[in-house]
Amino acid sequence: GALVYQYPRRTICKSGTSMRMECQAVGFQATSVAWYRQSPQKTFELIALSTVNSAIKYEQNFTQEKFPISHPNLSFSSMTVLNAYLEDRGLYLCGARDRNSGNTLYFGEGSRLIVV
Amino acid sequence: GNSVTQMQGQVTLSEEEFLFINCTYSTTGYPTLFWYVQYPGEGPQLLLKVTTANNKGSSRGFEATYDKGTTSFHLQKASVQESDSAVYYCVLGPDTNAYKVIFGKGTHLHVLP
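Source: prediction; values computed, not measured.

Thresholds applied
- Residues numbered from 1 in each chain as written.
- Chains lettered and ligands numbered in written order.
- Predicted model: local features only at pLDDT ≥ 70, side-chain atom pairs only at ≥ 80, totals over all residues.
- Heavy atoms only, no water.
- Helix = DSSP H or I, 4+ residues; strand = E, 2+ residues; numbered from the N terminus.
- Buried < 20%, exposed > 50% of the residue type's maximum accessible area, 1.4 Å probe, protein only.
- Pairing = 2+ DSSP bridges.
- Axes fitted to C-alpha atoms, helices over the stretch in contact; angles between N-to-C directions.
- Disulfide = S-S within 2.5 Å.
- 1 Å grid on protein atoms, 1.4 Å probe; cavity = no way out; pocket = protein on both sides within 12 Å on 5 of 7 lines; lining within 4 Å.
- Points joined across faces, edges and corners; volume = space filled by probe spheres on them.
- Contact = heavy atoms within 4.5 Å.
- Buried area = accessible area lost by both parts, 1.4 Å probe.
- Salt bridge = Lys/Arg side-chain N within 4 Å of Asp/Glu carboxyl O.

Q: Which residues make up the side chain of S32(A), and what are the values?
A: Residue placement: S32(A) occurs in strand β4 (residues 30-38). Accessibility expressed as a relative area gives 5% for S32(A), which makes it buried.

Laid out in C-alpha cells, this is it:
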C-alpha cells in the first residue's frame, strides 16, 4: 500500500536555529507534495505545494526564504524551517499525492517542532 | 473560492450510538471529496473518498454521500466504538479551478465506553 514516512518525528530546537524535515513516499509515485502545519487547535495551514519539474507554490504568509523546499524526485521531499521562533511551533505534515489514485493525499505522521 | 464547513467542533457519544458529522462545501467545480481521520499522535489517514457526485463512499462502517443538491458530504456510522475516538476532517480535493486541498476545521469524536 501507499505509505509516507516523515523524519524526524520530533525536534526541540533553540530559538533562531533551523530544522530540516524529510518526507519519503513508499509504494507509489508522488506527483506532488503538500507541506502543511497543524496548529494546536488542529487546523491545517498549507505552506506550499511542490510538484516535480515545476515551481514550488508558496501560500501567503509562507516564503521560500523561511521554508525552503527540495523535491528532487517522485519519492522524496524535504523542507527546512529556517531561524525558527515560537510562532513556528507545530506539527508539520507532508501530504504526498498519488498519481494513480486521483487526488488522494497520503500523509506522514508529521514532524513536531518545539522551539525553546 | 472553494470552502468546507464543519460546524461541530466536538461530538461525544456512548458506544453503539449513531454518529452523524455534518459537512457542507462550496465549489464551482467537481472535486473529489474525502474524509480523513487523525488519531492522537498520528498523521491524518484517508478514511473514505467519493469522486463522483451523488455516489456514496464507505469504509470500516463509516459512509458519506457526495450530495451535489445540498452540497453536503456528511459522515455517518450506525454504531460507534471507543476506538473510533479521533478527529475527523472533511476535505475538498483540487479540481481544474483550484489546485488546493481544503480541510475543514475538524470534528473531535469522543466515544465513551
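Anyway, onward from the coordinates.
Q: Describe the sheet that holds strand β7 (residues 69-73) of chain A, naming the residues involved and giving the relevant values.
A: Residue and element names in this part refer to chain A. The four strands are arranged β1-β3-β8-β7 in an open sheet whose pairing can be described as antiparallel. Strands at the two margins of the open sheet, each flanked by one partner only, are β1 (3-7) and β7. On average, adjacent strands in this sheet sit at an angle of 15 degrees to one another, irrespective of strand direction.

Q: For the state of the cysteines, give the residues involved together with the corresponding values.
A: Applying the stated criterion across every chain yields a total of two disulfides over all chains. Here C23(A) connects covalently by a disulfide to C94(A), the sulfurs 1.7 Å from one another. Judged by the torsion about the S-S bond (-45 degrees), the C23(A)/C94(A) disulfide is left-handed. In this pair, C23(A) sits in strand β3 (residues 19-26) while C94(A) sits in strand β9 (residues 90-98), placing the two residues 71 residues apart along the sequence. For C94(A), a relative accessible area of 0% gives the class buried. Paired through a disulfide, C23(B) and C90(B) show a sulfur-sulfur distance of 1.9 Å. Between C23(B) and C90(B), the disulfide has an S-S torsion of -65 degrees and is therefore left-handed. In this pair, C23(B) is assigned in the loop between β3 (19-21) and β4 (24-26) and C90(B) in strand β10 (residues 86-92), connecting sequence segments 67 residues apart.

Q: Lay out the layout of surface pockets with the relevant residues and their values.
A: Space inside the largest pocket adds up to approximately 270 Å³. Along the wall of the largest pocket there are 15 residues; nearest its centre are L3(A), V4(A), F107(A), G108(A) and E109(A). Elements with a minimum of two residues in the lining of the largest pocket: β1 and β10 (105-107) of chain A together with β6 (45-50) of chain B.

Q: Quick rundown of the pairing of strand β8 (residues 62-65) of chain B? Include the residues and the values.
A: Residue and element names in this part refer to chain B. With burial as the criterion, only one face of β8 is covered, namely that bearing F62 and A64; the residues E63 and T65 on the opposite face remain uncovered. Across four bridges, strand β7 (residues 56-59) lies against β8 in antiparallel orientation. Bridging from a neighbouring strand, S59 pairs with F62 of β8. The hairpin formed by β7 and β8 contains two residues between the paired strands, and R60 there has a positive phi angle of roughly 55 degrees. Pairing geometry for β8 and strand β9 (residues 75-77), over three bridges, is antiparallel. Looking across to β9, one finds that A64 is bridged to L75.

Q: I'd like to hear about the interface of chain A and chain B, residue by residue, with values.
A: Listed as interface residues are 20 residues of chain A and, on the opposing side, 16 residues of chain B. Considering only the side of chain A, the residues that lose the most area to chain B are F44(A), N103(A) and F107(A), jointly responsible for 28% of the buried surface there. Linking chain A to chain B there are one salt bridge. Linking E59(A) and K100(B) is a salt bridge whose minimum nitrogen-to-oxygen distance equals 2.7 Å.

Q: Break down the pattern of salt bridges for me, with residues and values.
A: Enumeration over the complete set of coordinates arrives at eight salt bridges over all chains. The partner of R20(A) in a salt bridge is E22(A), with the nearest N and O atoms 2.5 Å apart. Residue E22(A) is classed as partly exposed on the basis of its relative accessible area, which comes to 27%. For K56(B), the salt bridge identified is with E63(B), shortest N-O distance 3.6 Å. One continuous salt-bridge network, built from bridges that share partners, spans R37(A), E45(A), K66(A) and D88(A).

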